[in-house]
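# Structural description and commentary
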Amino acid sequence: MALDNLIFGQCILYFLAFVFGFIAVVPLSENAEDFGGKCLLFTRGMWQNENITVSKQRFIVEEWGTESSCSFITFVGISSLILSAVQAWRLLFFLCKGHDDSIFNAFLNLLISSVVVFTVFLSSTIVSVGFNMWCDSVTEGGTMPSSCEDLQDTDLELGLNNSAFYDQFAIAQFGLWAAWLTWLGIAVMAFLKVYHNYREEDLLDSLIHEKDLLLGRSSRRNSDLKSGLI
């Protein structure tokens, strides 16, 4: 019964990881399309006057962020999405059929979930730090009268669609950090399952050992009785 509850808990967490992964991947994909494949994260720029006579300012990008940053985050999000869906379906099948993982598979799941926890945490940190750097650039460190959220309603004249960048990355950050917490819970439950299986295996070995001892004592008693009768 306790093992069934553990499997059911893992199944719920994998489902949540799938949902949060989906929440993160969709806005990241939309932003990549809006920005024409250019990566907003870690982008540097500054506001400059268009010319001497006109006081209108225009945002100039000095250096776009590396595309590998956005590609890595999207890859981690999609991988987490697929892995959580597969694991949720597998555990649901086990729960319905009354099956359970072997000790090796439980340990393998612990390793995989630990790696995913690390990679999702790294992706979440990259998004948070990289997006803050972009916001510092477009608001000039907060000295602009408009906030980073307000500037998504302003055409930055970069030749791309910047009408939703703040909402997209705010949602992506929520999805990634929520997915990280969920995968952390999955890793903890995977550890508990490995520990549970280890205790069961240890108990089984102890029972077999006790059985051998009892059989040995019984055989010695029988041999002593036979020798006494003779």
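Please read all numbers here as calculations on a predicted model, not as lab measurements.

## Remarks on a nonpolar patch on the surface
On the surface, Leu181, Leu184, Val188, Phe191, Leu192 and Tyr195 cluster together to form a nonpolar patch covering roughly 570 Å² of accessible area. For leucine 184, a relative accessible area of 35% corresponds to the partly exposed category.

## Focus on the environment of phenylalanine 59
If you trace the backbone, phenylalanine 59 turns up in strand 2 (residues 57–65). Among the residues examined, phenylalanine 59 registers a relative accessible area of 2% and is labelled buried. Separated by 10 residues in the primary sequence, phenylalanine 59 and asparagine 49 have C-alpha atoms spaced 8.8 Å apart. With near-sequence residues (within four places) excluded, phenylalanine 59 lies in contact with Gly45, Met46, Trp47, Trp134, Ser137, Val138, Leu156 and Leu158.

## With respect to unusual backbone geometry
For phenylalanine 42, which is not glycine, the phi torsion reads 65 degrees and is therefore positive. Inspection of the secondary structure puts phenylalanine 42 in strand 1 (residues 39–49). Looking at phenylalanine 42, the relative accessible area reads 26%, which means it is partly exposed.

## Description of helix 2 (residues 67–97)
In this model, helix 2 (31 residues) spans 45 Å end to end at C-alpha, consistent with the 45 Å of a helix rising 1.5 Å per residue. Looking only at helix 2, the buried set comprises Ser69, Ile73, Val76, Gly77, Ser80, Leu81, Ser84, Gln87, Ala88, Leu91 and Phe94.

## Side note on the side chain of glutamine 10
For glutamine 10, the location among the structural elements is in helix 1 (residues 2–34). Not counting chain neighbours up to four residues away, the residues in contact with glutamine 10 comprise Leu91, Met189, Ala190 and Lys193.

## Regarding helix 3 (residues 103–138)
Between the first and last C-alpha of helix 3 there are 53 Å, a value that for 36 residues agrees with the 52 Å anticipated at 1.5 Å per step. Positive backbone phi, at 50 degrees, marks glutamate 140, one or two positions downstream of helix 3.

## Here's the deal with the nonpolar core
Counting 26 residues, the largest nonpolar core has Leu41, Phe59, Phe131 and Trp134 as the members making the most contacts within it. If you list the elements that add at least two residues to this core, you get helix 1, strand 1, strand 2, helix 3, helix 4 (148–151) and helix 5 (165–229). Considering each element in turn, this core owes the most residues, six residues, to helix 3. Within the second largest apolar cluster, 21 residues are counted, among which are Leu6, Val117, Val120 and Met189.

## Details of the packing of aromatic side chains
Evaluated as defined, the whole model comprises 13 aromatic pairs. With a centroid separation of 5.8 Å and 80 degrees between ring planes, the pair formed by phenylalanine 59 and tryptophan 134 is classed as edge-to-face. Taken together, the positions of phenylalanine 59 in strand 2 and tryptophan 134 in helix 3 put the pair 75 residues apart, joining distant regions of the chain. Residue tryptophan 134 is classed as buried on the basis of its relative accessible area, which comes to 0%. Judged by centre distance (5.8 Å) and plane angle (90 degrees), the rings of tryptophan 177 and tryptophan 180 are edge-to-face. You can see tryptophan 177 and its partner tryptophan 180 sitting in helix 5, three residues apart, about one turn around the helix. For tryptophan 177, a relative accessible area of 30% translates into the label partly exposed.

Cut-offs used in this document
- Residues numbered from 1 in each chain as written.
- Predicted model: local features only at pLDDT ≥ 70, side-chain atom pairs only at ≥ 80, totals over all residues.
- Heavy atoms only, no water.
- Patch = residues over 30% accessible without salt bridge, like charges linked within 9 Å, V, L, I, M, F, W, Y side chains within 5 Å.
- Areas by Shrake-Rupley, 256 points an atom, 1.4 Å probe, with all protein chains shown as cover.
- Salt bridge = Lys/Arg side-chain N within 4 Å of Asp/Glu carboxyl O.
- Buried < 20%, exposed > 50% of the residue type's maximum accessible area, 1.4 Å probe, protein only.
- Helix = DSSP H or I, 4+ residues; strand = E, 2+ residues; numbered from the N terminus.
- Contact = heavy atoms within 4.5 Å.
- Expected span 1.5 Å × (residues − 1).
- Core = buried A, V, L, I, M, F, W, Y, C linked by side-chain atoms within 4.5 Å.
- Phe/Tyr/Trp six-rings, centres within 6.5 Å; stacked < 30°, edge-to-face > 60°.

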